[in-house]
Amino acid sequence: MSLPSVRRVAVIGGSRIPFARSDGPYATASNQDMLTAAVDGLAARHSLRGEGSVGELVAGAVLKHSRDFNLAREVVLGSTLDARTPAYDIQQACGTGLQAVIAVANKIMLGQLESGIAGGADTASDAPLGVNDDLRGILLATRRATSLGGRLRALARVRPRHVVPDIPRNAEPRTGLSMGEHAAVTARAWGIAREAQDELAAASHQRLAAAYERGFFEDLVVPFRGLARDQNLRPGSSVEQLARLKPVFGLDGPNPTMTAGNSTPLTDGAAVVLLAGEEWAARRGAEPLAYLTAYETAAVDFVRGDVAGGDDGLLMAPAHAVPRMLERAGLGLGLGDFDFVEVHEAFASQVLATLAAWEKRGIGTVPRERLNVAGSSLATGHPFAATGARIVATLARLLAERGRPGRGLISVCAAGGQGVTAILERD
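Here's a quick rundown of the structure. As the structure is a computational prediction, the values presented were derived from the model and not from experiment.

To continue, consider the nonpolar core. Side chains of nonpolar character tend, in soluble globular proteins, to be buried together. Core analysis: the largest hydrophobic core is formed by 46 residues, its most contacted members being Leu98, Val101, Phe217, Leu275, Val392, Ile410 and Leu424. Within the residue set of this core, elements represented by two or more residues are strand 1 (9–16), helix 3 (96–109), helix 7 (194–213), strand 8 (267–277), strand 9 (290–299), helix 14 (387–402), strand 11 (406–414) and strand 12 (418–426). Looking at which element gives the most residues to this core, the answer is helix 3, with 9 residues. What Ile410 contacts, discounting residues up to four positions off in sequence, is Leu98, Glu342, Ile391, Val392, Leu395, Val420, Thr421, Ala422 and Leu424. Counting residues in each nonpolar core, the second largest holds 37 residues, with Met34, Leu42, Leu48 and Ala61 among its members.

Written out as structure tokens, the structure reads:
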């Protein structure tokens, strides 16, 4: 929806820890550990200490343990924020971080908050392992038994196969296909070439490396557990190197094109962004980087889309959300009117298919020099719930860096056939 001109929502700053490949430096770090580090980095940079410094914290995680109950609130209590800061969790798969931003922005717009922090964290290293469902049934029966004999009889049903845990699967419950396999179906449907995917992946690494070298992330990234830069970054990445990798998705079809190099790796990390009304910013002498001016969410019927050969793939909801958002904004905008376009790079093929779908829907093309100019998920990695906040902070900083009015588009695809999009502007 387009935001009414009640109170403008300013992006003041962002903070994230360097993203790490799963089972690496953050293998023993919890969602709470990582999110707390990102929040503390933001609090230090923007002096967010003392009562009333922040109105609320909204954050989430996609892969959550039972110990992550009330995650956002526990982060407040474990951070340098005032312990009286309210907080709550939110989750919409890979759109979590951006939806958290929208949740805080809504309250600021309506005058219910003056400021707030939004973001997310995820650890693929410490994914929760569920109790085998058969074992769970036995344990529940044991608990319900009213006598010692009944409990012993229930426990006697335990077999070796019952102690095998349920490991989280990267698969859609409705189709049984992994996100990568769904993306491969979409790549074939849209005729996305292997070379184009590798070119986009190489550019992501090169641009992220260049951004680090020029100090772009100095006030956006805080070191954590020995990392100062994203671990997945390969500054020397080239199309020639990527071309040597073997496909890993779509192997059941002809000419598979998706490799580990043009797909996002499993990643650990956390990111947050500080939002506020203009009066709050003025009182604290904080210059807004940009303003959130519109947003839109969408969903597609990917079950009949991918599996039954329809038009809508699992990760193609932004192809619908962005045209709808531009129409509702009522500004007659096309993709060529944006100075920056930030498209979450779950897979290079998905980015290219989305660009093609936008062009097919008549909203224009994205000049490649404006696409993910500081690198994106293929280079940084993708801790599911953290990506939206990372992108918002990056885009706001890019707009501020130019020193003149500008406009940027955000597009994030998500599991379940969903998409979250937004527009940031700078006066």
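Structure shown, so let's carry the discussion forward.
Following the sequence through the fold, Asp268 ends up in strand 8. Comment: no salt bridge for buried Asp268; closest opposite-charge side chain is Arg225, at 8.8 Å. Within the local environment of Asp268, its side chain forms a polar contact with the side chain of Ser125, the two groups lying 2.5 Å apart.

A few words now on helix 14. An α-helix turns once every 3.6 residues. As a result, residues three or four positions apart point the same way. Taking 1.5 Å as the rise per residue, helix 14 with 16 residues should run 22 Å; its terminal C-alpha atoms sit 23 Å apart, in good agreement. For helix 14, a buried count of 13 out of 16 residues is recorded, marking the element as mostly surrounded by other parts of the structure. Positive phi shows up at Gly403, right after helix 14, with a value of about 75°.

Along strand 8, 11 of the 11 residues are buried, which leaves the element largely enclosed by surrounding structure. Side-chain alternation along strand 8 places Thr267, Gly269, Ala271, Val273, Leu275 and Gly277 on one buried face and Asp268, Ala270, Val272, Leu274 and Ala276 on a second face that is also buried. Across 7 bridges, strand 1 lies against strand 8 in antiparallel orientation. Each residue of the ladder has a partner; that of Ala10, found in strand 8, is Ala276. Alignment of strand 2 (residues 20–21) against strand 8, held across 2 bridges, turns out to be antiparallel. By the bridge assignment for strand 8, Arg21 is matched with Thr267. Pairing geometry for strand 5 (residues 115–123) and strand 8, over 9 bridges, is antiparallel. The residue bridging Ala121 from the neighbouring strand is Ala270, located in strand 8.

The next thing to look at is the packing of aromatic side chains. A full pass over the atoms with the stated rule returns 4 aromatic pairs. Each ring, one from Tyr26 and one from Phe224, has its centre 5.0 Å from the other, and the planes form 70°; the classification is edge-to-face. Residue Tyr26 is located in the loop between strand 2 and helix 1 (31–46), and its partner Phe224 is located in the loop between helix 7 and helix 8 (239–243); the two are separated by 198 residues in the primary sequence. For Phe224, a relative accessible area of 13% puts it in the buried group. An angle of 90° between the planes, with centres 5.9 Å apart, marks the rings of Phe249 and Phe347 as edge-to-face. Of this pair, Phe249 sits in strand 6 (residues 247–249) while Phe347 sits in the loop between strand 10 (340–343) and helix 12 (348–360), and the two are 98 residues apart along the sequence. Ring pairing ties together the aromatic residues Tyr212, Phe216 and Phe217, which thus form one cluster. Arg16 extends its terminal NZ or CZ atom over the ring of Phe19, reaching a point 4.6 Å from the ring centre.

The contact between helix 4 (residues 133–144) and helix 5 (residues 148–155) brings their axes to 8 Å, and the two run at 175°. In terms of orientation, helix 4 and helix 5 fall into the roughly antiparallel class. Residue-level contacts link Ile138, Leu139, Ala141 and Thr142 of helix 4 to Arg151, Ala154 and Leu155 of helix 5. Split into classes, the residues belonging to the contact of helix 4 with helix 5 amount to 5 nonpolar, 1 polar and 1 charged.

Moving on, we get to the pattern of salt bridges. One pass over the full model with this rule turns up 21 salt bridges. A salt bridge links Arg324 to Glu296; the nearest nitrogen and oxygen atoms lie 3.4 Å apart. Linking Arg324 in helix 11 (residues 318–329) with Glu296 in strand 9, this pair joins segments that are 28 residues apart in sequence.

Among the secondary structure elements, Asp230 is positioned in the loop between helix 7 and helix 8. Among the residues examined, Asp230 registers a relative accessible area of 3% and is labelled buried. In this structure the side chain of Asp230 is engaged in a polar contact, spanning 2.8 Å, whose partner is the backbone nitrogen of Phe19. Those residues within four positions of Asp230 in sequence are excluded, and the remaining contacts are Arg16, Pro18, Phe19, Leu208, Tyr212 and Thr380.

By the criterion of burial, strand 12 is predominantly enclosed, with 8 of the 9 residues buried. Across 9 bridges, strand 11 lies against strand 12 in antiparallel orientation. Each bridged residue has a counterpart across the sheet, and for Leu409 the counterpart in strand 12 is Ile423. Connecting strand 11 to the antiparallel partner strand 12 that follows it, the hairpin turn spans 3 residues, and Gly416 within it adopts a positive phi of roughly 80°.

Between its terminal C-alpha atoms helix 11 stretches 16 Å, which fits the 16 Å expected from 12 residues at 1.5 Å a residue. Turning to helix 11, its buried residues number three or more, namely Pro318, Ala319, Ala321, Val322, Pro323, Met325, Leu326 and Ala329. Tucked inside the fold, the buried residues of helix 11 contact strand 9, helix 12, strand 11 and strand 12. Positive phi appears at Gly330, one or two residues downstream of helix 11, with a value of about 65°.

To continue, consider the packing of helix 1 against helix 2 (residues 71–78). Two numbers describe how helix 1 lies on helix 2: the axes approach to 9 Å, and their chain directions differ by 55°. Here helix 1 lies oblique to helix 2, going by the angle between them. Crossing hand, helix 1 versus helix 2: right-handed. Across from Asn31, Gln32, Leu35, Thr36 and Val39 in helix 1, the residues of helix 2 making contact are Leu71, Glu74, Val75 and Gly78. For the contact of helix 1 with helix 2, the residue count by class is 4 nonpolar, 4 polar and 1 charged.

Conventions we followed
Residues numbered from 1 in each chain as written. Predicted model: local features only at pLDDT ≥ 70, side-chain atom pairs only at ≥ 80, totals over all residues. Heavy atoms only, no water. Core = buried A, V, L, I, M, F, W, Y, C linked by side-chain atoms within 4.5 Å. Buried < 20%, exposed > 50% of the residue type's maximum accessible area, 1.4 Å probe, protein only. Helix = DSSP H or I, 4+ residues; strand = E, 2+ residues; numbered from the N terminus. Contact = heavy atoms within 4.5 Å. Lys, Arg positive; Asp, Glu negative; His and termini not counted. Salt bridge = Lys/Arg side-chain N within 4 Å of Asp/Glu carboxyl O. Polar contact = N/O pair within 3.5 Å; in protein donor to acceptor, adjacent residues only side chain to side chain. Expected span 1.5 Å × (residues − 1). Pairing = 2+ DSSP bridges. Phe/Tyr/Trp six-rings, centres within 6.5 Å; stacked < 30°, edge-to-face > 60°. Lys NZ or Arg CZ within 6 Å of the ring centre and 35° of its normal. Axes fitted to C-alpha atoms, helices over the stretch in contact; angles between N-to-C directions. Parallel < 35°, antiparallel > 145°, perpendicular 65-115°, else oblique. Nonpolar A, V, L, I, M, F, W, Y, C, P; charged D, E, K, R; others polar. Left-handed = near helix turned anticlockwise from the far one by under 90°.

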